[in-house]
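Take a look at the letters that make up each chain.
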Amino acid sequence: MSTAAPRTTGQDRLWSVDEHLEDILAAVRPLEPIELQLPDAQGCVLVEDVMVPVSLPPFDNSSMDGYAVRVADVAGASQEYPAALEVVGDVAAGQADLLHVGPGQAARIMTGAPLPPGAEAVVPVEWTDGGLGEGPVHGMRARSLGPEQTSGQVRVYRSAEARAHVRAKGSDVRAGDRALEAGTVLGPPQIALLAAIGRGTARVRPRPRVVVLSTGSELVQPGEELRSGQIYDSNSFALTAAARDAGAIAYRVGAVADDAETLRSTIEDQLVRADLVVTTGGVSVGAYDVVKEALSHVGDEDEAGSGIDFRKLAMQPGKPQGFGSIGPDHTPLLALPGNPVSSYVSFELFVRPAIRALMGLEDVHRPTTRATLAADKALTSPKGRRQFLRATCAKGIVRPVGGAGSHLVAALAHADSLIVVPEDVESVEPGTEVEVVLLG
């Protein structure tokens, strides 16, 4: 996959959120379409309109278990004066050779079975004596267990209008209709429709393969013993889950120690299964910021578009960011900060749109809304920075959750939205209407 070269500039420049996202989306191209079997196409985006080759249902069929009758033969039927009809046989679902229902006749019919020639309506079995002669019945028993006969006589206690309890041919979709439009994300109902019209495969853009790596010698995997100075690796789990939630096939790589050569080789090993690489941690200005050390000079001077550009963004949290491409296929790489909240917010703003763009979706962003701020005091925001505050939003009211610290994971777990404070706003009073990003 080819990518465009990111804009280069002096490292002291402060980039806006919109500029950084614009660069990412300009560089990421939708994945090439492939033909997939229906079970493998779930979550993928359809790249072509799908037309209906055969009407659904393909024939008139019964929506009830009961008897197929002629309308005239049951006209005026009642409990006191039932219509007595000759049962000419059974019509089961999938049956090809159909009986003919003539005057004074009925055919016992099952749900989904074709309406036999001559019949005009279906009366539910509950409207009949089931052929037993003992008054209304509550249903049909299994053929092997019940005394009902496929021939003999049935009494019908209610009349029926023409086409009663009959599902008409093409009442769902008709041959020649458009079943699904290009750009549709294939979920369970869409896959059901494709199967129902006889399509075993779909031409789609595959789900992007996203490799997530966290960095830091202090990181320990959950379940292991913590020693002094160590913390559990939560970022790789959070971002892998977020990538899957965005529609990707995500692979989590255990934390990589603060060694540039190890990190480079680990990333190179992962490129074979990556359409996008996401790292977290090691992008700031510290002496052990390994991602910046390892990837600042990976670009090949003879390969246009390669290399990683590390930037400072006018946002909080998430000021340090990295973006570019790596490897022979110029695989996009997004380097996110290591603080948990900074990492997750950065994912929502930059990685999720990139994943959705790889899928070929037109709308790559989370939905936004306007809501009234409910807070104990005014919210403050640093001048010149676009701030994203964790919050809960319901019924037009949004409430901050936790403080502004980029390490507060517990508050993040209770948030369902982000309050957006623009760059030119330093204070937001309670009762003010604010922009809110809805996280799902």
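Residues numbered from 1 in each chain as written. Predicted model: local features only at pLDDT ≥ 70, side-chain atom pairs only at ≥ 80, totals over all residues. Heavy atoms only, no water.

1. So, the pattern of salt bridges
Part 1 of the argument: Scanning all chains against the criterion turns up 18 salt bridges.
Part 2 of the argument: Between Asp275 and Arg209 there is a salt bridge, with its nearest N and O atoms 3.1 Å apart. With Asp275 in the loop between α6 (260–270) and β18 (276–280) and Arg209 in strand β14 (residues 209–215), this pair connects stretches of sequence that are 66 residues apart.
Part 3 of the argument: With relative accessibility at 14%, the residue Asp275 sits in the buried group.
Part 4 of the argument: For Arg209, a relative accessible area of 28% translates into the label partly exposed.
Part 5 of the argument: One salt bridge in this structure joins Asp233 and Arg252, with 3.7 Å as the shortest N-O distance. (Salt bridge = Lys/Arg side-chain N within 4 Å of Asp/Glu carboxyl O. Helix = DSSP H or I, 4+ residues; strand = E, 2+ residues; numbered from the N terminus. Buried < 20%, exposed > 50% of the residue type's maximum accessible area, 1.4 Å probe, protein only.)

2. Overview of the layout of surface pockets
Part 1 of the argument: Volume-wise, the largest pocket comes out at about 360 Å³.
Part 2 of the argument: Lining the largest pocket we find 23 residues, and of these Thr215, Glu218, Asn235, Gly338 and Asn339 sit closest to its centre.
Part 3 of the argument: Those elements giving two or more residues to the lining of the largest pocket turn out to be β14 and β16 (231–232). (1 Å grid on protein atoms, 1.4 Å probe; cavity = no way out; pocket = protein on both sides within 12 Å on 5 of 7 lines; lining within 4 Å. Points joined across faces, edges and corners; volume = space filled by probe spheres on them.)

3. Let's talk about α6
Part 1 of the argument: Among the residues of α6, those classed as buried are Ala260, Leu263, Thr266, Ile267 and Gln270. Projection of α6 onto a plane perpendicular to its axis shows the buried side chains occupying an angular sector of 130 degrees, all on one side. Opposite the packed face of α6, turned more than 90 degrees from it, sit the exposed residues Glu268 and Asp269.
Part 2 of the argument: Tucked inside the fold, the buried residues of α6 contact β14, β17 (249–256), β18, α7 (290–295), β21 (320–326) and β22 (331–336). (Arc of directions from axis to C-beta. Contact = heavy atoms within 4.5 Å.)

4. Considerations on the domain arrangement of the protein
Part 1 of the argument: Each assigned domain of the protein is listed with its residue range as follows: domain 1 (10–31 + 206–358), domain 2 (36–56 + 179–205), domain 3 (61–167) and domain 4 (368–438).
Part 2 of the argument: Between domain 2 and domain 4, the C-alpha centre-to-centre distance is 40 Å. (Domains from an automatic or database assignment.)

5. A few points about the packing of helix α1 (residues 17–27) against helix α8 (residues 340–359)
Any two packed helices are characterised by the angle at which their axes cross and by the distance between the axes.
Part 1 of the argument: The contact between α1 and α8 brings their axes to 10 Å, and the two run at 25 degrees. Between α1 and α8, the crossing angle belongs to the class labelled roughly parallel. Every pair of crossing elements has a handedness; the one defined by α1 and α8 is right-handed. Contacts between α1 and α8 involve Val17, His20, Leu21, Ile24 and Leu25 from the first element and Leu349, Phe350, Pro353, Ala354 and Ala357 from the second. (Axes fitted to C-alpha atoms, helices over the stretch in contact; angles between N-to-C directions. Parallel < 35°, antiparallel > 145°, perpendicular 65-115°, else oblique. Left-handed = near helix turned anticlockwise from the far one by under 90°.)

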